[in-house]
Amino acid sequence: METESSDKERDHAGLKGGFCEEIVRRSGDDFRRCYQCQSCGSGCPVSEAMKYRPNGVIRLVQLGFGREALESPDIWLCMGCNTCSTECPMAIDIAAVMSALRETAIEEGVRIAEPGILNFHQEVLNSIERYGRTHKLEIMMRHKLRQLDLFSDIDIGLKLLSRRKLDLRPSKILNISEVQKLFSGSTGEIT
Amino acid sequence: MNKAAAVQISYFPGCSLATTAKENNQSLIEVCKYMGYRLAELKDWNCCGSSSAHGIKPELGFNLACRNLSLAPEGIPLLVACPSCILHLKQAQSRLKRDEAATKDYERCWGRPVDLNLKILHFFELMDGIDCLPNTTLNGLKFAPYYGCMLARPPELRHEKNYHGLMEKLLSCYGASSIRWSYSSRCCGTFLSAAKPEVAGPMVNRIVQNAVDSGAECIVTACAMCHLNIEIRCTLKRVVPIFHFSELLSIAFKTGTNKDWFARHLIDPAPLLKSKGLTV
């Protein structure tokens with residue numbers, strides 16, 4: 001773990017006030033009560049692929065190592081499965097902390113450690129914005145195209161199509177403007 | 001079993017059941033009908049936000065969930081089939097209950113009062129506590145009950161009833177036999193199956209391997225996404241069929257249609273069903 005950051009760097013991310021306080025505010029959970037028992041890191045089904053593991057990410061944030069936390073692959077590998085919060089003796093909503101970190105990472109324009117995962121999420125959101133629901137075939141095709149990875153899953157795609165598990169056409173909701181308004185950030189009256 | 005007059009329930013299928021897991025949807029609707037529930041699909045429902053909205057734009061995720069809540073007819077319970085959708089809907093409702101400003105925004109946005117008492121039910125809740133007359137319709141089928149992450153919840157919902165053991169209890173009552181294994185509550189990899197297969201693949205293989213090693217003839221899933229991920233990402237030579245809980249219930253209850261939905265499985269369950277004398 002990088003521990004050479006100066007105090008100035010620690011309060012990185014251009015955030016007013018402390019980095020840790022900002023993530024506490026955004027996640028709605030004061031995870032400063034974490035005492036590093038590491039239950040979350042031991043139970044996390046994807047921790048093997050992580051750099052710091054959930055408890056490590058929390059520690060980074062507690063200590064103000066904003067850049068290290070925001071640029072870690074861990075925040076993108078987190079699936080929000082809540083296994084960690086179930087095991088946490090302090091009942092910290094770790095998935096919410098990870099969401100707050102991902103949101104901050106995007107806003108701050110830091111280097112994204114897992115651009116492929118972010119792109120996948122964006123394609124899902126694009127689909128919801130377009131149709132109100134997810135259209136899996138289009139999401140996967142756009143995602144694969146973006147990753148310049150056209151062939152790796154073609155066998156799976158064909159199998160799914162042959163078993164009628166992928167719809168060629170999207171299912172679009174009638175009142176799509178209601179959903180699109182949510183994307184434009186307006187929470188004004190919808191008529 | 002309750003076969004009295006049909007009880008009306010609103011129904012939120014979610015994107016998976018509406019598309020990739022239509023077999024889950026069809027069997028669930030059949031089982032509900034058999035149980036005496038009449039499901040009315042929520043009109044013009046939208047995606048609950050899925051992991052993607054809740055993962056990178058939590059406010060958008062909240063608002064997408066709220067629109068669905070606003071569509072639910074007042075006073076009629078809302079049945080949700082997907083363990084992930086229901087968490088998002090329940091979390092949104094929980095926030096509306098404690099956050100007055102959010103409630104005001106909701107009412108301004110959707111033009112109607114929030115029904116804070118709306119009962120949001122998972123399919124398991126409908127199945128819990130039904131009178132089960134011991135029967136042998138599942139002919140000793142040995143299954144690994146797979147809950148995935150559905151039993152893990154964020155802290156604000158952790159005091160709600162947990163349905164661990166329901167699949168074992170019900171299916172055993174109908175003559176199936178559950179095996180004990182280590183991966184029943186292990187996450188299936190969710191979106192990493194699409195976005196990072198090299199990480200999700202080994203996760204899925206470990207789950208299936210443990211089921212096979214423990215003597216299971218099949219795995220029963222409580223979640224449509226788990227079902228899909230296991231089917232598409234398992235690369236083991238020896239695999240077992242994966243069933244949706246609702247599919248086995250429909251066999252157990254002998255709900256009566258020709259169940260052509262089994263043809264939609266990637267891992268063909270027909271040989272196993274035949275060997276167990278389970279004609280469908």
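In this text the structure is predicted, and so the values were computed from the model without any measurement.

Caption draft 1: Representation of the environment of His88(B). Residue and element names in this part refer to chain B. Mapped onto the secondary structure, histidine 88 falls in helix α5 (residues 83–98). Distance from histidine 88 to serine 51, taken between C-alpha atoms, is 9.2 Å for residues 37 residues apart in sequence. With residues near it in sequence (within four places) discarded, histidine 88 still touches Cys48, Ser50, Ser51, His54 and Ala65.

Caption draft 2: Up close: the state of the cysteines. Across all of its chains, the model carries one disulfide over all chains by this definition. Free of any disulfide, Cys84(A) has its nearest cysteine sulfur in Cys78(A), 6.2 Å distant. Unpaired in this structure, Cys48(B) has its nearest cysteine sulfur neighbour in Cys85(B), at a distance of 3.7 Å. Given the relative accessible area of 4%, Cys48(B) is considered buried.

Caption draft 3: Layout of the sheet that holds strand β4 (residues 120–122) of chain B. Residues and elements named next belong to chain B. On the basis of which strands lie adjacent, the open sheet formed by four strands has the order β2-β1-β3-β4 and parallel pairing. A strand with exactly one partner marks an edge of an open sheet, and here the two such strands are β2 (37–41) and β4. Strand after strand, the sheet turns through a mean of 40° between neighbouring axes, direction not considered. For strand β1 (residues 7–12) and strand β3 (residues 78–80), the ladder comprises three bridges, and the chain directions are parallel. The residue bridging serine 10 from the neighbouring strand is leucine 78, located in β3. Packing against the sheet, helix α2 (residues 22–35) makes contact with β1, β2 and β3, and its axis sits at approximately 140° to β2.

Caption draft 4: Molecular detail of the environment of Trp110(B). Residues and elements named next belong to chain B. Positionally, tryptophan 110 belongs in helix α6 (residues 100–110). Overall, the relative accessible area of 12% leaves tryptophan 110 in the buried class. Between the C-alpha atoms of tryptophan 110 and cysteine 66, which are 44 residues apart in sequence, the distance is 8.8 Å.

Caption draft 5: Spotlight on the sheet that holds strand β6 (residues 177–178) of chain B. All names here are of chain B. One open sheet holds the four strands; their spatial order is β6-β5-β7-β8, and the pairing between them is parallel. Strand pairing shows two members of the sheet lacking a second neighbour, β6 and β8 (242–244), which therefore form its edges. Two strands pair when backbone bridges link them, and strand β5 (residues 142–146) and β6 are joined in this way by two bridges, in the parallel orientation. Paired with phenylalanine 143 across the strands is serine 178, a residue of β6. Taken strand by strand, helix α8 (residues 166–173) contacts β5, β6 and β7 (218–221), and its axis lies near 155° from that of β5.

Caption draft 6: The domain arrangement of chain B, seen in detail. Residues and elements named next belong to chain B. Each assigned domain of chain B is listed with its residue range as follows: domain 1 (7–124) and domain 2 (133–275). Computed over C-alpha atoms, the centres of domain 1 and domain 2 are 24 Å apart. Between domain 1 and domain 2, the contact holds 25 residues from the first and 30 residues from the second. For the pair domain 1 and domain 2, the summed buried area comes to about 2,400 Å², and 67% of that belongs to carbon and sulfur atoms. Broken down residue by residue, the surface that domain 1 buries against domain 2 is led by Glu23, Glu30 and Phe124, which jointly contribute 31%. For the pair domain 1 and domain 2, the number of links is three salt bridges.

Caption draft 7: Representation of the packing of aromatic side chains. Per the stated rule, a full pass over the model turns up 10 aromatic pairs over all chains. Here Phe12(B) and Trp45(B) contribute two aromatic rings whose centre-to-centre distance is 5.2 Å and whose plane-to-plane angle is 70°, an arrangement assigned as edge-to-face. Here the residue Phe12(B) occupies a position in strand β1, and Trp45(B) occupies one in the loop between β2 and α3 (50–56), the gap between them amounting to 33 residues. Given the relative accessible area of 1%, Trp45(B) is considered buried. A connected cluster of aromatic rings, assembled from ring pairs, spans Phe123(B), Phe124(B), Tyr147(B) and Phe245(B). Above the plane of the ring of Trp45(B) lies Arg133(A), whose end atom (NZ or CZ) is 3.6 Å from the centre. It is Arg95(B) that lies over the ring of Phe62(B); its NZ or CZ is 3.9 Å from the centre.

About the thresholds
Sequence positions are assigned chain by chain, starting from 1 and proceeding in written order. By the order in which they are written, chains take letters starting at A while ligands take numbers starting at 1. Totals for whole chains, interfaces and linings use all residues, but because this is a predicted model, local features are given only for residues with pLDDT of at least 70 and pairs of side-chain atoms are given and counted only at 80 or more. As a rule here, side-chain values cover all heavy atoms of the structure and leave hydrogens and water aside. Each helix is a run of DSSP H or I of at least 4 residues and each strand a run of E of at least 2, with the numbering of both proceeding from the N terminus. Residue contacts are defined here by distance: any two heavy atoms, one from each residue, within 4.5 Å place the two residues in contact. Working definition: a disulfide is two cysteine sulfur atoms within 2.5 Å of each other. Residue burial is assigned from relative accessible area. The probe radius is 1.4 Å, only protein chains are included, and a residue is buried under 20% of its type maximum, exposed over 50%, and partly exposed in between. Two strands form a pair only when DSSP identifies at least two bridges running between them. Between the N-to-C directions of two axes lies an angle of 0 to 180 degrees, each axis being a line fitted to C-alpha atoms and, for a helix, fitted only over the stretch in contact. The split of the chain into domains comes from an automatic or database domain assignment. Buried area is understood as the total, over both parts, of accessible area removed when two parts are fitted together, assessed with a 1.4 Å probe. For this document, the term salt bridge refers to a Lys or Arg side-chain nitrogen within 4 Å of an Asp or Glu carboxyl oxygen. To pair, rings of Phe, Tyr and Trp, with the six-membered ring standing in for Trp, must have centres within 6.5 Å; the planes then decide the type, stacked if under 30 degrees apart, edge-to-face if over 60, and tilted in the middle. Think of it as a cone above the ring: NZ of Lys or CZ of Arg counts as a charge over the ring if it is within 6 Å of the ring centre and within 35 degrees of the ring normal.

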